[in-house]
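Structural overview
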Amino acid sequence: MDGKSSSITAGKPIRCRAAIARKAGEPLVIEEVIVAPPNPREVRIKIICTSLCHSDVTLWKLKDPPAIFPIILGHEAVGRQSIRYSLRHCACWSLLNGSLLESVGEGVHEVVEGDTVIPTFVSDCGECTDCLSEKSNLCTNFPFTFSHWMRDETSRFTDINGETLYHFLFVSSFSEYTVVDIAHITKVDPAIPANRACLLGCGVSTGVGAAWRTAKVEAGTTVVIFGLGAIGLAVAEGARLCGATRIIGIDVNQDKCEIGKKFGVTDFVNSRNIGDKTISQMIIEMTDGGADYCFECVGLTSLVHEAYVSSRKGWGKTVVVGLDDPGSMLTLSTFELLYSGKSIM
């Protein structure tokens, strides 16, 4: 889309295609939808590349709240000008072709039409105590929730019959066009390949950040990663950049052994091939007492506990990265917490 065609649609509804989840666990359906123009402090962007995060799958399968239907899923994406990609060209799952930040609402000064942007599900108002602190990225003014609305608690999506379609994680990238609050937009260099940039919306930034910013992995330490999907591999890369000398990857897919090496994994454990031992028993033996840092990147509460047990007494740190059913509960005894000297976050 060029500037001329952008000016034609600015301030007007756009009719486009989207992949709609109408019922829990049922295949998404490509339908025509109406995307309203942005309200004040909102932008409408055209998605050119979006990837599929396992969190999308988790919420798609849920039948109970916070699940809601019909909904447009997707939250890892990029919108930018005059580039076309197809599935053959994208390392991620490329849903649609297109371009840029198409139009902006009143009061938006951070970006302009045509900018390359990444929508993010974690907000950043840039003004509150948390956003201004290096200790947190959990905005006070716009706290994270499983809200399915925009800031004014209305939707910008309807189907061609006028039925409201719900938003997902403030992004809804499985649509040719989407409307996003400015607090959920990050401007990026247009030179970044779209099939890489979209991963910065969640997987890569989450994984690298878990090692670098959350755990603060130190040089010379041992790291264990439960699950070598996109986020787990990003954790490995983050741990490598932090100087970890031993990075143990655990997965049920043997192919991840060679893939993991490219991201810094030094040891690989196929959890299906450890006999009668538990994963934590195996890790404690391999590390002579436990790892300095453990990361759960699958989204299974049972593995969170295994990761916690696998961390070293006295200073071991476990970071929960994967999303399980939001209602899942983690059970730890007070003895484990009080006398082990470990931490979990």
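Before reading further, recall that the structure is shown in the block above.
About the criteria used
- Residue numbers here run from 1 along each chain, matching the order of that chain's written sequence.
- Given that the model is predicted, a residue must reach a pLDDT of at least 70 before its local features are reported, and side-chain atom pairs must reach 80 or more before they are shown or counted; all residues, however, enter totals for whole chains, interfaces and linings.
- Just so you know, side-chain values use all the structure's heavy atoms and leave hydrogens and water out.
- Secondary structure is summarised from DSSP: a helix means a run of H or I of at least four residues, a strand means a run of E of at least two, and numbering begins at the N terminus for each.
- When we talk radius of gyration, it's over C-alpha atoms, and the globule rule is simply 2.2 Å times the number of residues to the 0.38.
- Working rule for contacts: check all heavy atoms of both residues, and any pair within 4.5 Å makes them a contact.
- Each accessible area is a Shrake-Rupley estimate made with a 1.4 Å probe; only the visible protein chains count as cover when residues are assessed.
- By the counting rule applied here, Lys and Arg register as positive and Asp and Glu as negative, while His and the ends of each chain are not counted.
- Note that the charge is assigned to NZ on lysines, CZ on arginines, CG on aspartates and CD on glutamates.
- Paired strands are those between which DSSP finds at least two bridges.
- Lines fitted to the C-alpha atoms define the axes, with helices restricted to the stretch that makes contact. Angles between their N-to-C directions range from 0 to 180 degrees.
- Take a side-chain nitrogen of Lys or Arg and a carboxyl oxygen of Asp or Glu: if they are within 4 Å of each other, that pair is a salt bridge.
- Think of it in three bands: with a 1.4 Å probe and only protein chains considered, a residue is buried below 20% of the maximum accessible area for its type, exposed above 50%, and partly exposed in between.
- N or O atoms closer than or at 3.5 Å make up a polar contact, with two conditions inside protein: a donor-capable atom paired with an acceptor-capable one, and, for residues adjacent in sequence, both atoms drawn from side chains.

In terms of regular secondary structure, the protein chain is built from 10 helices and 17 strands. Here the C-alpha radius of gyration of the protein chain, 21 Å, is about what a compact globule of 345 residues would show, namely 20 Å. Principal-axis analysis of the C-alpha atoms gives the protein chain an extent of 65 × 45 × 40 Å. Once local pairs closer than 6 in sequence are excluded, the contacts in the protein chain between residues at least 24 apart make up 70%. Total accessible area on the protein chain stands at roughly 16500 Å², and carbon and sulfur atoms take up 55% of it. Seen as two clouds, the 32 positive and the 39 negative side-chain charges of the protein chain have centres 4 Å apart.

A word on the sheet that holds strand β6 (residues 101–104). Read from one edge to the other, the open sheet built from 3 strands follows the order β6-β3-β10, with strand pairing classed as antiparallel. At either margin of the open sheet sits one strand with a lone partner, and together these are β6 and β10 (177–181). The mean angle between the axes of side-by-side strands here comes to 25°, regardless of whether they run parallel or antiparallel. Inspection of the sheet shows strand β3 (residues 42–46) paired to β6 by 3 bridges, in the antiparallel sense. Bridging across to β6, Val-43 finds its partner in Val-104.

Bringing the pattern of salt bridges into the picture now. Throughout the structure, instances matching the rule amount to 16 salt bridges. Across the salt bridge formed by Arg-22 and Asp-159, the nearest N and O atoms sit 3.0 Å from each other. Note that Arg-22 is positioned in the loop between β1 (14–20) and β2 (29–35) and Asp-159 in strand β8 (residues 157–159), a separation of 137 residues in sequence. For Arg-22, a relative accessible area of 28% gives the class partly exposed. The partner of Lys-277 in a salt bridge is Glu-285, with the nearest N and O atoms 2.7 Å apart.

The amide bond that connects Pro-65 to the next residue, Pro-66, takes the cis arrangement and shows omega of 15°. Relative to the helices and strands, Pro-66 is located in the loop between α2 (54–61) and β5 (76–78). Located in the positive-phi region is Leu-169, a residue other than glycine, with phi close to 50°. Here Leu-169 is to be found in the loop between β9 (164–165) and β10. Using a relative accessible area of 9% as the deciding quantity, one classes Leu-169 as buried.

With parallel pairing, the 6 strands of this open sheet are ordered in space as β14-β13-β12-β15-β16-β17. Each end of this open sheet is capped by a strand with a single partner; those strands are β14 (267–270) and β17 (343–344). In this structure, strand β13 (residues 246–251) lies alongside β14, joined through 4 bridges in parallel fashion. When the sheet's bridge partners are listed, Asp-251 is paired in β14 with Asn-270. The strands that helix α6 (residues 230–241) touches are β12 (222–226), β13 and β15 (293–296); relative to β12, the one it contacts most, it runs at about 170°.

Relative to the assigned elements, Thr-221 resides in the loop between α5 (203–214) and β12. Contacts of Thr-221, omitting those with residues within four sequence positions, involve Ala-244, Thr-245, Arg-246, Asp-292 and Tyr-293.

Checked against the element boundaries, Arg-44 lands in strand β3. What makes Arg-44 buried here is its relative accessible area of 0%. Considering only alpha carbons, one finds Arg-44 and Glu-76, 32 residues apart in sequence, at a separation of 16 Å. Of note is the side chain of Arg-44, whose polar atom sits 3.3 Å from the backbone oxygen of Ala-36. Reaching out from Arg-44, the side chain makes a polar contact with the side chain of Glu-102 at a distance of 2.7 Å.

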